[in-house]
Amino acid sequence: MAAISARLRNGGAIAIADDALAALAAALRGSVALPGAGAYDEARTLWNGMFDRRPAFAVRASGVGDVIAAVAFARRHDLLLTIRGGGHQIAGHAVADDAMLLDLSPMRSVRVDPIVHRARAEPGVTLGDLDRETQAFGLAASTGINSTTGIAGLTLGGGYGWLTRRHGMTIDNLTAADLVTADGAFVQASAAQNADLFWAIRGGGGNFGVVTSFEFALQPVGPQVVAGLIIHPIADAPALLRAYRALAAQASDALTVWAVLRAAPPLPFIPEAAHGLPMLAFAVCHCGDPAEAERELAALRALGTPLGSALGPQPYVAWQSLFDPMAAAGARNYWKSNDFASLSDELIDSLVAAAQAMPGPECDIYIAQVGGAMARVPAEDTAYPQRDAHYMVNFHTRWRDPADDARFVGWTRDLFARTAPHAIGSVYVNFMPEDDEARVAGAYGANMARLAAIKRRWDPDNFFRANHNIRPAG
């Protein structure tokens, strides 16, 4: 190994001697990956193709001992440390130029206890990994909607998906976690042990330590759910979304219906003449009794004259991966997001007009209704604060050519600005792009002061800062 230049936490650079890197590598069960190696490029690659960053070197961790060694090394040399789990975060904080990268993606163990309905997952686990292990026992954790998403980032930001209305957010089902803190100590956090830290990591992101294991409560789900898509022409969207908000308000906790505005993909149940044209899709998942699902879905099926539909019983693991092709790694992505208490007529009209002027065929606007069990958790019980039943609306642009950056980003920002007067001010932190740091305080609302105080206790000099950062109080 040769000496390399690495970025200091507070600016500037330091030369890391080759013998120091060799000693670090010898202490690991995993490996140190340097520029030029295949493992280095694998470690630094993120889902969002907007980011092509080159860290000074990467530690590819195989276990807790490697994480402790990596944190100690970064602390000893005062290096800027970034943490990569699944690498799926829209803001790209997991990798920084010239920083030290701690890559947790090799840590992908899942252990399910079907007797007590618990699962332990390491931080490199994807939702697909977890789903396949838990569904072997007819169980599931309440997580997100893409099988390629990493469990670590999803959980630390809150986590919501098809099971949220019935079983709560991902953080509501987190029962314990193991962490390596800023001083290199290994600690456990739960309601009974280090309760303040446990509170903070349920929504507070990676600000408080490196989580090396998550323990989740599991719920009986599947192995089949009633799920699928109903596709409508965009011309019918204004009336249909007004009807949808009435149906959504009456839905049982078992039923989740999200509305998606985008170009129609070439699915076999959509007429070929409609492929590529703007559409409204209702994405449906009922995780309860199939007979009850059919009764409850009758009103939704009766709306309008669909272009096509594919809605019925299917394996839960298949439904969880259905949208993966539309969110595959490598494309350029830019998101803006807002929370809305309701879908006003004015908001609906703005969203439909924007959908008819999307800059590219891979863009979408999705409207996710949350509530149910999630809304019955008091706002002060977890770091994630927005517990009222509401709609999370994500403006998602996706394209391939860097020359198109200004056009796609501009469309998203413009739509965000035009709809902001209807929003309630909060935002789901996992949907915040890199240039949204000014919204961190709004994301946590009344919980921000408590988060800053806990940050001061566990990370007083802001060692973990490559994130949507919560600065230590004082």
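Treat the numbers as computed from the prediction; the structure is a model and nothing was measured. All residue numbers here refer to positions counted from 1 along the written sequence of the relevant chain. Totals for whole chains, interfaces and linings use all residues, but because this is a predicted model, local features are given only for residues with pLDDT of at least 70 and pairs of side-chain atoms are given and counted only at 80 or more. Heavy atoms from the whole structure form the basis of all side-chain values; hydrogens and water molecules are not counted.

1. Focus on the overall build of the chain
Thought 1: A tally of regular secondary structure across the chain gives 14 helices and 20 strands.
Thought 2: Reported as C-alpha extents along the three principal axes, the dimensions of the chain are approximately 70 × 55 × 40 Å.
Thought 3: Considering the chain as a whole, with its 474 residues, one finds that 59% of them fall into the buried category.
Thought 4: A separation of at least 24 residues holds for 73% of the contacts in the chain among residues at least 6 apart in sequence.
Thought 5: Of the roughly 17200 Å² that the chain leaves accessible, carbon and sulfur atoms contribute 55%.
Thought 6: In this count, Lys and Arg are taken as positive residues and Asp and Glu as negative ones, while His and the chain termini are left out. Each charge is placed at NZ for Lys, CZ for Arg, CG for Asp and CD for Glu. Across the chain, the centroid of the 39 positively charged side chains sits 2 Å from that of the 47 negatively charged ones. Where helices and strands are cited, they refer to DSSP runs of H or I of at least four residues and of E of at least two residues respectively, numbered from the N terminus. Relative accessibility decides the category of a residue: with a 1.4 Å probe and only protein chains considered, values under 20% of the type maximum give buried, values over 50% give exposed, and everything between is partly exposed. Note on contacts: a residue pair qualifies if any of its non-hydrogen atoms lie within 4.5 Å across the two residues. Each accessible area is a Shrake-Rupley estimate made with a 1.4 Å probe; only the visible protein chains count as cover when residues are assessed.

2. A few points about the side chain of Asn462
Thought 1: Relative to the assigned elements, Asn462 resides in the segment after helix H14 (448–458).
Thought 2: Asn462 sits in the buried class, given a relative accessible area of 10%.
Thought 3: Of note is the side chain of Asn462, whose polar atom sits 3.1 Å from the side chain of Lys455.
Thought 4: If we skip the residues at most four places from it in the chain, Asn462 touches Arg9, Lys455, Asn469, Ile470, Arg471 and Pro472. What qualifies as a polar contact is a pair of N or O atoms within 3.5 Å, subject to a donor-acceptor requirement within protein and to the restriction that residues adjacent in sequence count only when both atoms come from side chains.

3. Here's the deal with the packing of aromatic side chains
Thought 1: Only rings of Phe, Tyr and Trp enter the pairing, Trp through its six-membered ring, and a pair is recorded when the two centres are within 6.5 Å. The plane angle decides the type: under 30 degrees is stacked, over 60 is edge-to-face, the rest tilted. By the definition in use, this model includes 19 aromatic pairs.
Thought 2: Within the aromatic cluster, the residues linked to one another by ring pairs are Trp47, Tyr160, Trp162, Trp258, Trp319, Phe323, Trp335, Tyr366, Tyr384, Tyr428 and Phe431.
Thought 3: In our convention, an over-ring charge means Lys NZ or Arg CZ found within 6 Å of a ring centre and within 35 degrees of that ring's normal. The ring centre of Phe416 lies 4.4 Å from the NZ or CZ of Lys336, which sits over that ring.
Thought 4: Seen from the ring of Trp199, Arg450 lies directly overhead, with NZ or CZ sitting 3.9 Å from the centre.

4. Concerning the nonpolar core
Thought 1: In terms of nonpolar packing, the biggest core is built from 78 residues, with Leu130, Tyr160 and Ile201 touching the most fellow members.
Thought 2: Per-element tally for this core: the top contributor is helix H7 (residues 195–201), with five residues.
Thought 3: Excluding anything up to four places from it in sequence, Leu130 contacts Val110, Ala119, Ala121, Val125, Ala141, Thr143, Ile151 and Phe216.
Thought 4: Among the buried residues, those of types Ala, Val, Leu, Ile, Met, Phe, Trp, Tyr and Cys that are joined through side-chain atoms within 4.5 Å form a nonpolar core. Core analysis: the second largest hydrophobic core is formed by 43 residues, Val226, Ile234, Ala293 and Met358 among them.

5. What about the pairing of strand E10 (residues 174–180)?
Thought 1: Across the seven residues of E10, six count as buried, placing the element largely inside the fold.
Thought 2: Relative to strand E12 (residues 210–217), E10 is paired through six bridges, and the arrangement is antiparallel. Across the sheet, the residue bridging to Val180 is Val210, located in E12.
Thought 3: Count of turn residues in the E10/strand E11 (residues 186–190) antiparallel hairpin: five residues, of which Gly184 carries a positive phi of about 85°. For two strands to count as paired, DSSP must find a minimum of two bridges between them.

6. Here's the deal with the pairing of strand E8 (residues 118–121)
Thought 1: On E8, burial follows the alternation: Ala119 and Ala121 on one face are buried, whereas Arg118 and Arg120 on the facing-out side are not.
Thought 2: Relative to E8, strand E7 (residues 110–113) is paired through four bridges, and the arrangement is antiparallel. Bridging across to E8, Asp113 finds its partner in Arg118.
Thought 3: From the end of E7 to the start of E8, which pair antiparallel, there are four residues, and His117 there has a positive phi angle of about 55°.

7. Considerations on helix H8 (residues 237–250)
Thought 1: Helices are assigned an expected span. That span is 1.5 Å times one less than the residue count. In this model H8 runs 20 Å from its N-terminal to its C-terminal C-alpha over 14 residues, within 8% of the 20 Å that 1.5 Å per residue would give.
Thought 2: Of the positions making up H8, those classed as buried are Ala237, Leu240, Leu241, Tyr244 and Ala248. Axial view of H8: buried residues confined to an arc of 95°, hence all on one face. Within H8, the exposed residues directed more than 90 degrees away from the buried face are Ala239, Ala249 and Gln250. This arc describes the spread of directions from the helix axis toward the C-beta atoms.

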